[in-house]
Structures are given as structure tokens and as C-alpha cells.
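Here is what each chain is made of, one letter per residue.
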Amino acid sequence: LPEMDTRPLLAEAEKVRTVGSDLRMRSISRYSTRSRRRMSFHGVEGQIEYEGPLARWLPVLRAAAAVNIGKGATFGFGAMRIEYREG
């Protein structure tokens, strides 16, 4: 990545605030026939609502939502949906 001054980005990020959240931890387990053992997956699910200057990060957030990034994505984890409202 090119070197850049991240201070303006961090200053803008500090203006973003959480206005609502119902996030909760979720754990599931599955049996792996390949390794012949039970495997546990842990994560967060729910909704979170932010307010502030988010437009700059929308392309990144939309890309993340399109590809379901994250650990365990092949098992259905990492999914997210973005709803954006101006104003």
C-alpha cells in the first residue's frame, strides 16, 4: 500500500457514532469428518446502526457485503447487509 497520512481518516472516523445496536454473541459447532472432531465457531450477529460521515467507506463496506468476508465464510459466516440513508 502507498504511504499516506491516516490522521484525516481517523479524525473523520471519530465523528461516526453508534446510535443503535442489538449485537449478541453466537456459537455453533459442527462435526468435521475430515479431522474427525467437533469444531466450534464463535461470532457476532445482530444489527448495528451508525450515524456520521460514512459515505467515504461505502464502497469498502459494499464490497465486504458482496463477498461475505471473514473467518468461516465458507460455512455461511461473514454475511452482512448494508442499508444507507442520506441525511
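Residues numbered from 1 in each chain as written. Predicted model: local features only at pLDDT ≥ 70, side-chain atom pairs only at ≥ 80, totals over all residues. Heavy atoms only, no water.

**Q** Describe unusual backbone geometry, naming the residues involved and giving the relevant values.
**A** Unusually for a residue other than glycine, Arg36 sits at a positive phi of about 55 degrees. Positionally, Arg36 belongs in the loop between strand 2 (24-32) and strand 3 (37-45). Given the relative accessible area of 70%, Arg36 is considered exposed. (Helix = DSSP H or I, 4+ residues; strand = E, 2+ residues; numbered from the N terminus. Buried < 20%, exposed > 50% of the residue type's maximum accessible area, 1.4 Å probe, protein only.)

**Q** Lay out the environment of Lys71 in plain terms, naming residues and giving numbers.
**A** Relative to the helices and strands, Lys71 is located in the segment after helix 2 (58-67). Taking the relative accessible area as the measure of exposure, Lys71 reaches 79% and is therefore exposed. Measuring from C-alpha to C-alpha, the distance between Lys71 and His42 comes to 9.7 Å, with 29 residues separating the pair along the chain.

**Q** Describe helix 2, with residues and values.
**A** One full turn of an α-helix is made of 3.6 residues, so residues set three or four places apart face in the same direction. Where helix 2 is concerned, the buried positions are Leu58, Ala64 and Ala65. Mapping the buried residues of helix 2 onto a view down its axis gives an arc of 125 degrees, with all of them on the same face. Of the residues in helix 2, the exposed ones pointing more than 90 degrees away from the buried face are Pro59, Val60, Ala66 and Val67. A positive backbone phi angle near 50 degrees is found at Asn68, which sits one or two residues after helix 2. (Arc of directions from axis to C-beta.)

**Q** Tell me what's going on with the layout of surface pockets, and back it up with residues and numbers.
**A** Estimated volume of the largest pocket: approximately 1,500 Å³. Counting only elements with at least two residues in the lining of the largest pocket, the list comes to strand 3, strand 4 (48-51) and helix 2. By residue number, the principal contributor to the lining of the largest pocket is strand 3, which donates 7 residues. The residue makeup of the lining of the largest pocket, split by class, is 17 nonpolar, 11 polar and 9 charged. (1 Å grid on protein atoms, 1.4 Å probe; cavity = no way out; pocket = protein on both sides within 12 Å on 5 of 7 lines; lining within 4 Å. Points joined across faces, edges and corners; volume = space filled by probe spheres on them. Nonpolar A, V, L, I, M, F, W, Y, C, P; charged D, E, K, R; others polar.)

**Q** Account for the pattern of salt bridges, with residues named and values stated.
**A** Applying the stated criterion across every chain, the model contains 8 salt bridges. For Arg17, the salt bridge identified is with Glu51, shortest N-O distance 2.9 Å. Of the two residues, Arg17 is situated in strand 1 (residues 17-21) and Glu51 in strand 4; the sequence distance between them amounts to 34 residues. By relative accessible area, Glu51 is classed as partly exposed at 41%. Of the charged contacts, one joins Glu45 and Arg24 as a salt bridge, the two residues approaching to 3.8 Å between their closest N and O atoms. Of this pair, Glu45 sits in strand 3 while Arg24 sits in strand 2; the two residues are 21 residues apart in sequence, bridging distant segments of the chain. Take Arg24: its relative accessible area is 41%, and that puts it in the partly exposed class. By sharing partners, the salt bridges in this structure join Asp22, Arg24, Arg26 and Glu45 into a single network. (Salt bridge = Lys/Arg side-chain N within 4 Å of Asp/Glu carboxyl O.)

Geometry only, nothing functional implied.
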